[in-house]
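# Descriptive analysis of the structure
What follows is each chain in one-letter form.
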Amino acid sequence: MIMISRHNVEDRYSDMAVYNGVAYLAGQVASDMTQNVTEQTREVLGMIDALLSAAGTDKSRILMAQIYLSNMRDYVGMNEAWDAWVKDIKGNAPPRATVQSPLANSQYLVEIVVTAAVPSQNG
């Protein structure tokens, strides 16, 4: 039997699915859309930390991060928050891609999608 664990399930989507030792996160966006891109990114990275923790993993095990910016002019501000976030996992910064893309709501400045390895429960 295939075991897929889903987290924060809603009618339209789940925030995360875990299968076969990999956590797949949905795109995470800030709930406070009045913030600038640096603050939105900090909020999103905190959400990612919480989801990864719920799956039994952490940011040092990220396999790929995809960052969507509503405007590439926000690249420096997003990187300010990102660099502070990965600073404590020196040597384990994940691969990532950053692109400009229209987001679902014009007030979203950044959306981040993450895939991460989940350590085996039996060692």
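What this report covers is the structure whose coordinates are included nearby.

Conventions we followed
Residues numbered from 1 in each chain as written. Predicted model: local features only at pLDDT ≥ 70, side-chain atom pairs only at ≥ 80, totals over all residues. Heavy atoms only, no water. Core = buried A, V, L, I, M, F, W, Y, C linked by side-chain atoms within 4.5 Å. Buried < 20%, exposed > 50% of the residue type's maximum accessible area, 1.4 Å probe, protein only. Helix = DSSP H or I, 4+ residues; strand = E, 2+ residues; numbered from the N terminus. Expected span 1.5 Å × (residues − 1). Contact = heavy atoms within 4.5 Å. Arc of directions from axis to C-beta. Polar contact = N/O pair within 3.5 Å; in protein donor to acceptor, adjacent residues only side chain to side chain. Axes fitted to C-alpha atoms, helices over the stretch in contact; angles between N-to-C directions. Left-handed = near helix turned anticlockwise from the far one by under 90°. Phe/Tyr/Trp six-rings, centres within 6.5 Å; stacked < 30°, edge-to-face > 60°.

In terms of nonpolar packing, the biggest core is built from 27 residues, with Leu25, Ile48, Trp82, Ile112 and Val114 touching the most fellow members. Going through the elements one at a time, strand S2 (14-19), strand S3 (22-25), helix H1 (37-54), strand S5 (62-69), helix H2 (75-86) and strand S7 (110-117) are the ones with two or more residues in this core. Broken down by element, the residue count for this core peaks at six residues, all from H1.

It is worth spelling out H2 at this point. The first and last C-alpha atoms of H2 sit 16 Å apart over twelve residues, in line with the 16 Å expected at 1.5 Å per residue. Among all positions in H2, only Gly77, Met78, Asn79, Ala81, Trp82, Trp85 and Val86 are buried. Turning to H2, the residues buried within the fold contact H1, S5, strand S6 (96-100) and S7.

A few words on H1. The end-to-end C-alpha distance of H1, which contains 18 residues, comes to 26 Å, matching closely the 26 Å that a straight helix rising 1.5 Å per residue would cover. If you check which residues of H1 are buried, you get Val37, Thr38, Gln40, Thr41, Val44, Leu45, Ile48, Leu51 and Leu52. An end-on view of H1 places all buried positions within 155 degrees of arc, on one side of the element. You can read the cap of H1 off the contacts: a side-chain oxygen lies 3.0 Å from the backbone nitrogen of Thr38, and it is on Asn36. Phi turns positive, to about 85 degrees, at Gly56, one or two residues after H1.

Quick look at the packing of H1 against H2 now. Between H1 and H2, the least distance of the axes is 7 Å, while the angle of their chain directions is 35 degrees. Here the hand of the crossing between H1 and H2 comes out right-handed. Of H2, the residues touching H1 (which contributes Val37, Thr38, Thr41, Arg42, Leu45, Ile48 and Asp49) are Gly77, Met78, Glu80, Ala81, Trp82 and Trp85.

Tallied over the full model, the rule gives one aromatic pair. With 5.2 Å between their ring centres and 55 degrees between their planes, Trp82 and Trp85 make a pair best called tilted. Residue Trp82 and its partner Trp85 are located together in helix H2, separated by three residues, close to a single helical turn. Judged by its relative accessible area of 5%, Trp82 falls in the buried class. In this structure Trp85 comes out as buried when scored by relative accessible area, which is 8%.

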